[in-house]
Amino acid sequence: MKPIAPRHRTSARTLLATGLITSLALVSGCAKSENDTAGNDKNPTSQGDGGQVVASPSTGSGPTCAIDAYGAKKIDLKSATVGFSQSEKEANPFRIAETASIKAEADKRGVKLLTANAQSQFSKQISDVQDLIAKGADLLVIAPLNSDGWEPVLRSASAKHIPIITIDRKINATACKDYVSFIGSDFVEQGKRAADRMIEATGGKGDIAILLGAAGNNVTTERTKGFEERVKEKAPGLKIVFKQTGEFAREKGQSVTENLIQSKPGITGIYAENDEMGLGAVNALKGAGKKPGAVKIVTIDGTRNAVQGIVDGWIDGVIESNPRFGPLAFQTLETFTQGEKVSQDIVIQDSAYTKDNAKSDLGKAF
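Residues numbered from 1 in each chain as written. Predicted model: local features only at pLDDT ≥ 70, side-chain atom pairs only at ≥ 80, totals over all residues. Heavy atoms only, no water.

Caption draft 1: Looking closely at the sheet that holds strand β14 (residues 345–349). One open sheet holds the seven strands; their spatial order is β1-β14-β7-β6-β5-β3-β4, and the pairing between them is mixed. Looking along the sheet, the strands with just one partner apiece sit at the ends: β1 (53–54) and β4 (112–117). Across three bridges, the pairing between strand β6 (residues 164–167) and strand β7 (residues 181–184) is parallel. Each bridged residue has a counterpart across the sheet, and for Thr-166 the counterpart in β7 is Phe-182. Sheet strands in contact with helix α4 (residues 122–134) are β3 (81–86), β4 and β5 (139–142), and its direction is about 175 degrees off that of β3. (Pairing = 2+ DSSP bridges. Helix = DSSP H or I, 4+ residues; strand = E, 2+ residues; numbered from the N terminus. Contact = heavy atoms within 4.5 Å. Axes fitted to C-alpha atoms, helices over the stretch in contact; angles between N-to-C directions.)

Shown next, in the form of structure tokens:
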């Protein structure tokens, strides 16, 4: 999918490792959208036009990390063992696509990959990563469930000089000391773009609710911050009258919206901080006898079901959060282990789906 340039971009956060510049053609050209078979280990879906592209790459911008500064040793990625820790149950299409992308890229490169899934339990994720280390992982790619509480893992990895890359969520630790790089979206910008879409859909007036993501991670905090800041700046007539966590889950999003409809029957719009909660909100509205479009819904992720929701008139916009981390994560590892500098923050460029492109781009969603 050729990314749609967002209306507003925070240039200060668009960082790229010097050694990754030459890899952009690989990253943008080798990926294809995931389908329902994406989780099949024996036949992982290849990635096509939906691959990640680093936002506005430039050389020498932002803090970088090199293997000497990190305290690790050079290693040939092809002979290394990479451990991947997934955070959540793979009932969520984002997690299915993310894991499939990591597995597909490891297979493509002939790299030995060890995997673990924390099943949405943080204590299990900590023990999972420690187990990956015990099994001989030379490098780690972690999709963190929470941002805090990683000290036991960081101590274990540091003792063995194991480089760590985090994807899609940050950990609260020191880059190029506790971990090498974070690869992910500009979540504040995602929140701002979602607010722009909500303002357009509502005309900038009315009462809106926020279905918050899970507590304890930077994604929820930053998507909320960006949305609230943009609404305050651009639409003083749009009032946020309800905020409650839906824990990034469809069932929880539905139950919260059912309560919302009872307590705030005149609600104008719902901002769901991921697609699954947004789809839960749609189910609740259907159950309450609402018509498509009666309540404006804006979500973040870019799953096939959410984009179909735009086509069907239930959802007004979806800001993409691209889960296909495989090519960029492994290219970052390769660059780093060869002794070249990589950026401590690698911010990707996300697309968006609206009523104008949802039907034509449905096949590009994951």
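We are not done yet, so read on.
Caption draft 2: Summary view of the pairing of β14. Within β14, five of the five residues are buried, which leaves the element mostly enclosed by the surrounding structure. Of the two faces of β14, the one carrying Asp-345, Val-347 and Gln-349 and the one carrying Ile-346 and Ile-348 are both buried. As paired elements, β1 and β14 share two bridges and run antiparallel to each other. Bridge pairing links Val-54 to Ile-348 in β14. (Buried < 20%, exposed > 50% of the residue type's maximum accessible area, 1.4 Å probe, protein only.)

Caption draft 3: Main features of the state of the cysteines. This model, assessed by the stated rule, comprises one disulfide. A sulfur-sulfur distance of 2.1 Å marks the disulfide that ties Cys-65 to Cys-176. Across the S-S bond of Cys-65 and Cys-176 the torsion is about 80 degrees, and the bridge reads as right-handed. One end of the pair, Cys-65, is in strand β2 (residues 64–65); the other, Cys-176, is in the loop between β6 and β7, and 111 residues separate them in sequence. This pair shows no difference in class: Cys-65 is buried, exactly as Cys-176 is. (Disulfide = S-S within 2.5 Å.)

Caption draft 4: View of the packing of aromatic side chains. Summed over the entire model, instances satisfying the criterion amount to five aromatic pairs. Their ring planes at 10 degrees and their centres at 4.0 Å tell us that Phe-227 and Tyr-271 sit as a pair that is stacked. One end of the pair, Phe-227, is in helix α7 (residues 218–234); the other, Tyr-271, is in strand β10 (residues 269–272), with 44 residues separating them in the sequence. Judged by its relative accessible area of 0%, Phe-227 is buried. By relative accessible area, Tyr-271 is classed as buried at 0%. (Phe/Tyr/Trp six-rings, centres within 6.5 Å; stacked < 30°, edge-to-face > 60°.)

Caption draft 5: Molecular detail of the environment of Phe-366. Mapped onto the elements, Phe-366 comes out in the segment after β15 (352–353). With 64 residues separating them along the chain, Phe-366 and Gly-302 place their C-alpha atoms 6.7 Å apart.

Caption draft 6: Region of interest: the nonpolar core. If you look at the biggest cluster of nonpolar residues, it comprises 82 residues, and the most contacted ones within it are Leu-140, Trp-150, Ile-164, Ile-167, Ile-183 and Ile-315. Residues in contact with Ile-167, not counting those within four places in the same chain, are Phe-84, Glu-98, Ile-102, Val-141, Ile-142, Ala-143, Pro-144, Phe-182, Ile-183 and Phe-325. Listed in part, the 16 residues of the second largest apolar core include Ile-199, Ile-208, Ala-235 and Tyr-271. (Core = buried A, V, L, I, M, F, W, Y, C linked by side-chain atoms within 4.5 Å.)

Caption draft 7: Layout of unusual backbone geometry. Positive phi values are uncommon outside glycine, yet His-161 reaches one of about 55 degrees. Positionally, His-161 belongs in the loop between α5 (151–159) and β6. Positioned with a positive phi, Asp-168 is a non-glycine residue whose angle comes to about 65 degrees. By the secondary structure assignment, Asp-168 is in the loop between β6 and β7. The exposure class assigned to Asp-168 is buried, which follows from its relative accessible area of 5%.

Caption draft 8: Representation of the sheet that holds β10 within the structure. One open sheet accounts for six strands, arranged β9-β8-β10-β11-β12-β15; its pairing is mixed. The sheet is open, and its two edges are formed by β9 (238–245) and β15, each paired on a single side. Where helix α9 (residues 275–287) meets the sheet, its contacts fall on β8 (206–212), β10, β11 (296–301) and β12 (317–320), and the angle it forms with β11 comes to roughly 155 degrees.

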